[in-house]
Amino acid sequence: MAEITASMVKELREKTDAPMMECKKALTEAGGDMGRAEEILRVKLGNKASKAAARITAEGVVGIWLADDRKLGAIVEVNCETDFVAKNDDFLAFTRDVAALVASADPADVAALSALPMGAGTVDSVRTALVGRIGENMSIRRFARVVAQGRLASYVHGGSKIGVLIDVDGGDEALAKDLAMHVAAGKPRALSKEGVPAEDVERERSIARQKAAESGKPAEIVEKMVEGTVQKYLKEVTLLGQPFVKDDKVTVEQLLKQRGARVARFELYVVGEGIERKQTDFAAEVAAQAAAAAGR
């Protein structure tokens, strides 16, 4: 059996907010498999153990560029090591310049973007020089370029830690802005249920089936419970299925129908989403430094 270390328990607790002992039990049951342990906690504790996706685990900002006619836009996430640097004027200017370059040059990926001309050199040489001047590592993590079918609206929140770019066809500017704010608040994973990854749906179905099986009810009732839970999940994670943030009596889909509009696409970036912040054992680091000094 795999050894369950204190650091593993700590990592699982940070991912799920579950009690320490429950984390240890889940890891033990899962044989040290972190993913399986998270699933076990979801079965036992429900959505209380599903907060990792919303947690910011790295620093940086989201930058957005919009054309004056709102027909073209770009969104980019640039990461750094500390929140202090995330507020640095040069870092922010670099992020804005990168977003504008994404819109104008339409690079295929981060490597292509990094090789594009910027100033007297390239994006990467400007980044490298900025690292040298500020003394902290930074990187371009991801970006998207959006050509609108309707008109684009944007919203940034929390010191540019959350950024939204949304393409709304129909309606008016106020509706588009409200929808951008809704995406920042509701954090949908997809526009509609068709856009939710099949593996995510199957994971939720598996968790629901394990929970429903504990009820002792007949198999046909269990299956209805499972499908009901899956449909509830799909409403929670899709923009169209979510209750509108300004009026929870209507869903976003219903609101769009009322206003004769549709959402063609949205991009939501949360700084550091899915990145695990490096954990430093300062005691061990100091001890290692002391040992190295003694060995000189």
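Just so we're clear, the structure is a prediction, and the values are computed from it rather than from any experiment.

Draft legend 1. Structural view of the packing of aromatic side chains. A complete count under the given rule lists zero aromatic pairs for this structure. The ring centre of Y269 lies 4.2 Å from the NZ or CZ of R142, which sits over that ring.

Draft legend 2. Main features of the pattern of salt bridges. Within the structure shown, the criterion is met by 18 salt bridges. Notably, a salt bridge pairs D178 with K246, separated by 2.9 Å at the nearest N-O pair. Separated by 68 residues along the polypeptide, D178 in helix α8 (residues 173–186) and K246 in the loop between β8 (243–244) and β9 (247–251) bring together distant segments of the chain. By relative accessible area, K246 is classed as exposed at 57%. With a shortest N-O distance of 3.0 Å, R205 and E227 are connected by a salt bridge. Taken as a pair, R205 in helix α9 (residues 198–213) and E227 in helix α10 (residues 219–237) lie far apart in primary sequence, 22 residues in all. Classification of R205 as buried rests on a relative accessible area of 15%. Overall, the relative accessible area of 30% leaves E227 in the partly exposed class. Linked by salt bridges that have partners in common, E59, D83, K87 and K161 make up one network.

Draft legend 3. Fine view of unusual backbone geometry. A positive phi angle, near 60°, is found at R70, a position not held by glycine. The topology assignment puts R70 in the loop between β1 (59–66) and β2 (72–80). Although it is not a glycine, S160 adopts a positive phi angle of roughly 65°. Note that S160 resides in the loop between β6 (151–157) and β7 (162–169). For S160, a relative accessible area of 23% translates into the label partly exposed.

Rules and cut-offs
- Residues numbered from 1 in each chain as written.
- Predicted model: local features only at pLDDT ≥ 70, side-chain atom pairs only at ≥ 80, totals over all residues.
- Heavy atoms only, no water.
- Phe/Tyr/Trp six-rings, centres within 6.5 Å; stacked < 30°, edge-to-face > 60°.
- Lys NZ or Arg CZ within 6 Å of the ring centre and 35° of its normal.
- Salt bridge = Lys/Arg side-chain N within 4 Å of Asp/Glu carboxyl O.
- Helix = DSSP H or I, 4+ residues; strand = E, 2+ residues; numbered from the N terminus.
- Buried < 20%, exposed > 50% of the residue type's maximum accessible area, 1.4 Å probe, protein only.

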